[in-house]
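What the coordinates show
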Amino acid sequence: MNNERLPLWRKIGYGMGDAGANFCWTFIAAFIMIYCTNTLGVSAAVIGSLMMFSKILDGVSDVVMGRIIDRTHSKLGKARFWYLVSILPLAIFTFLIFNVPTSLSDNGKCWYVFIMYTVVGAVFYTANNVAYSSMTALCTKDPEDRVQMGSYRFVCAIAAVLIISSFTTGLVEKFGGGQQGWTAVSLIYAIVTAVCLLIPFFSVKELPQDDTAEETKKQEKGEIFKDLACLVKNKYFILILIMYICMYIMSGVMSGMGVYFATYQLKDASLLGVLNMANRFPFIVALPLVPYITAKFGMRKSIILGDAFGIIGSVLIIAGGLTANFPMILVGFVIRTVGTSPQTGALNALIAETDEYSFLKFGRRMTGTIYSCSSMGIKIGTGIGVALCGFLLDFSGFDGMATEQAASAITAINWSYLLGVALLPVISIIIFSLLNVEKANEKLRNEMNA
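Residues numbered from 1 in each chain as written. Predicted model: local features only at pLDDT ≥ 70, side-chain atom pairs only at ≥ 80, totals over all residues. Heavy atoms only, no water.

What follows covers the overall build of the protein. Of the regular secondary structure elements, the protein holds 18 helices and zero strands. With the C-alpha coordinates of the protein rotated into their principal frame, the extents come out at 70 × 45 × 40 Å. Sequence-distant contacts, at least 24 apart, represent 84% of the contacts inside the protein between residues at least 6 apart. Put simply, the protein shows about 17,700 Å² of open surface, and 68% of that area lies on carbon and sulfur atoms. One way to put it: in the protein the 34 positive side-chain charges average out to a point 4 Å from where the 29 negative ones average out. (Helix = DSSP H or I, 4+ residues; strand = E, 2+ residues; numbered from the N terminus. Contact = heavy atoms within 4.5 Å. Areas by Shrake-Rupley, 256 points an atom, 1.4 Å probe, with all protein chains shown as cover. Lys, Arg positive; Asp, Glu negative; His and termini not counted. Charge placed at Lys NZ, Arg CZ, Asp CG, Glu CD.)

What follows is the structure, encoded as structure tokens:
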């Protein structure tokens, strides 16, 4: 496991962790709102506001967790220890959040969801996801290995998302519907979460900390303000954080509105699986090619070119939504997904390059702290996205207990879902045109060797 290339089975095993994370987080992000409105009968705006507040506060915990990982020394390594201890609690709280006691008042139910949501996000998902992402840099130094690890984790994530989106509503009904159905499904998903998350722990190990041990000890004596100052001055960290927040605002809106879009606009909740299949399955075909594409063109250029192609798909998605042309929406999803696959596969490797930039530029290596931008962006973005769903539903007059929805509610659902899906490639091109971290690192190395 030293400086040698990782064998294929280790990369695939690492990727399984993202499947487990999605059986927790995607399940919660996609279905907590409709569980609250249609099963608990509570206000979408209230739930959305509480979730947004929770996620904004939650972002602070990611940086704290990153610093804890950077300063951890254990037989399991810096990140693997925290990854392991967070697995069981994460699975347990995945079950608890969808099992609100029926004896509670409406306000009590809202506060129960808020507390469970905060504990999952701010404590256990933070520990697990920051540690998991950090392992990309801690388990191998090879850039191509890191891209491939990112590709396999997203392939596994896609598979999990497809299963969750395709079968959740049907499983809830099969197990009796209402609270009974959600109890059964959340129990199944909690078990799957724990099993999948254990696989990476046994698949990869961290490299010996021989060349970084001394610099790490010196940093541990430094002040927290020095580390924070380095983060603020590291423009590539800021850009990647913004990218993650934008990605997951869009993803939060798409996930939150997806089940409403399928149920009320398309009149068939099962079509959510078809939509997500078109949005995710092409990744499985395209992601294995990403390491070869990035090796040829570089990570940043590959992402920008791919997103330019993805804009064509975005245009088709919007046009199909406006004209109720479902086949056009599906074609748009496929084109958009293929175009954005280099971004999906290479983003984790770019974070590793950002960590390298921190060391070359400021003399401080902060792997866990810098990788916290992914978890921080996921949770802040998802929280804002879910809150937007709640505000839009409430403002448009949506009533979760009604059999027919107002035209204004259908319009809000339609537009928010379509724009949530379609805008990301445009935002991505703007951000990655500024994120030339590979070139900056090469320049710094040349200056050091001159």
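Another aspect to go through is the confidence of the model for the protein. Atomic detail in the predicted coordinates should be set aside for any region of low pLDDT. Summarising the model, the protein shows a mean pLDDT of 83, and 93% of its residues fall at 70 or more. In this model, residues 211-215 is a region of pLDDT below 50 whose contacts with residues beyond four sequence positions or in other chains number four contacts. (pLDDT = per-residue confidence, 0-100.)

Moving on to the packing of aromatic side chains. Any two aromatic rings considered together are summarised by their centre-to-centre distance and by the angle between their planes. All told, the structure shown has 23 aromatic pairs when counted by the stated rule. With a centroid separation of 6.2 Å and 10° between ring planes, the pair formed by Tyr244 and Tyr248 is classed as stacked. You can see Tyr244 and its partner Tyr248 sitting in helix α10 (residues 235-265), four residues apart, about one turn around the helix. On the basis of an interplanar angle of 90° and a centroid distance of 6.2 Å, the ring pair of Tyr357 and Phe362 is categorised as edge-to-face. Residue Tyr357 is classed as buried on the basis of its relative accessible area of 8%. By relative accessible area, Phe362 is classed as partly exposed at 23%. When the ring centre of Phe201 is taken as reference, the NZ or CZ atom of Arg80 above it lies at 4.2 Å. Sitting above the plane of the Phe297 ring, Lys296 keeps its charged end 5.7 Å from the centroid. (Phe/Tyr/Trp six-rings, centres within 6.5 Å; stacked < 30°, edge-to-face > 60°. Buried < 20%, exposed > 50% of the residue type's maximum accessible area, 1.4 Å probe, protein only. Lys NZ or Arg CZ within 6 Å of the ring centre and 35° of its normal.)

Before going further, it helps to examine a positive patch on the surface. Residues Lys235, Lys361, Lys439 and Lys443 make up a contiguous surface patch of positive charge. Classification of Lys443 as exposed rests on a relative accessible area of 55%. (Patch = residues over 30% accessible without salt bridge, like charges linked within 9 Å, V, L, I, M, F, W, Y side chains within 5 Å. Salt bridge = Lys/Arg side-chain N within 4 Å of Asp/Glu carboxyl O.)

Position of Thr354 relative to the elements: it lies in helix α14 (residues 326-362). The buried category is assigned to Thr354, whose relative accessible area is 0%. The contact partners of Thr354, leaving out residues within four places of it in the chain, are Asn234, Tyr236, Phe237, Ile240, Ile370 and Val437.

This part takes up the pattern of salt bridges. Any two side chains of opposite charge can pair, on the condition that their charged atoms come close. One pass over the structure, following the stated rule, counts three salt bridges. Between Asp18 and Arg153 there is a salt bridge, with the nearest N and O atoms lying 2.8 Å from each other. Note that Asp18 is positioned in helix α1 (residues 8-40) and Arg153 in helix α6 (residues 143-174), a separation of 135 residues in sequence.

It is worth spelling out the state of the cysteines at this point. As enumerated under the stated definition, the model contains zero disulfides in all. Here Cys196 is not disulfide-linked; the sulfur of Cys156 is the nearest cysteine sulfur, at 8.3 Å. (Disulfide = S-S within 2.5 Å.)

With respect to the helices and strands, the residue Gln343 is situated in helix α14. Look at Gln343 and you get buried, because its relative accessible area is 4%. A distance of 2.5 Å separates a polar atom in the side chain of Gln343 from a polar atom in the side chain of Ser428. The residues contacting Gln343, other than those within four sequence positions of it, are Met243, Met247, Ile303, Asp307, Leu424, Ser428 and Phe432. (Polar contact = N/O pair within 3.5 Å; in protein donor to acceptor, adjacent residues only side chain to side chain.)

Close contact between α1 and α6 brings their axes to 7 Å; oriented N to C, the two are set at 40°. Here α1 lies oblique to α6, going by the angle between them. When you trace α1 past α6, the crossing you get is right-handed. Taken together, the residues that form the contact of α1 with α6 break down as 17 nonpolar, six polar and four charged. (Axes fitted to C-alpha atoms, helices over the stretch in contact; angles between N-to-C directions. Parallel < 35°, antiparallel > 145°, perpendicular 65-115°, else oblique. Left-handed = near helix turned anticlockwise from the far one by under 90°. Nonpolar A, V, L, I, M, F, W, Y, C, P; charged D, E, K, R; others polar.)

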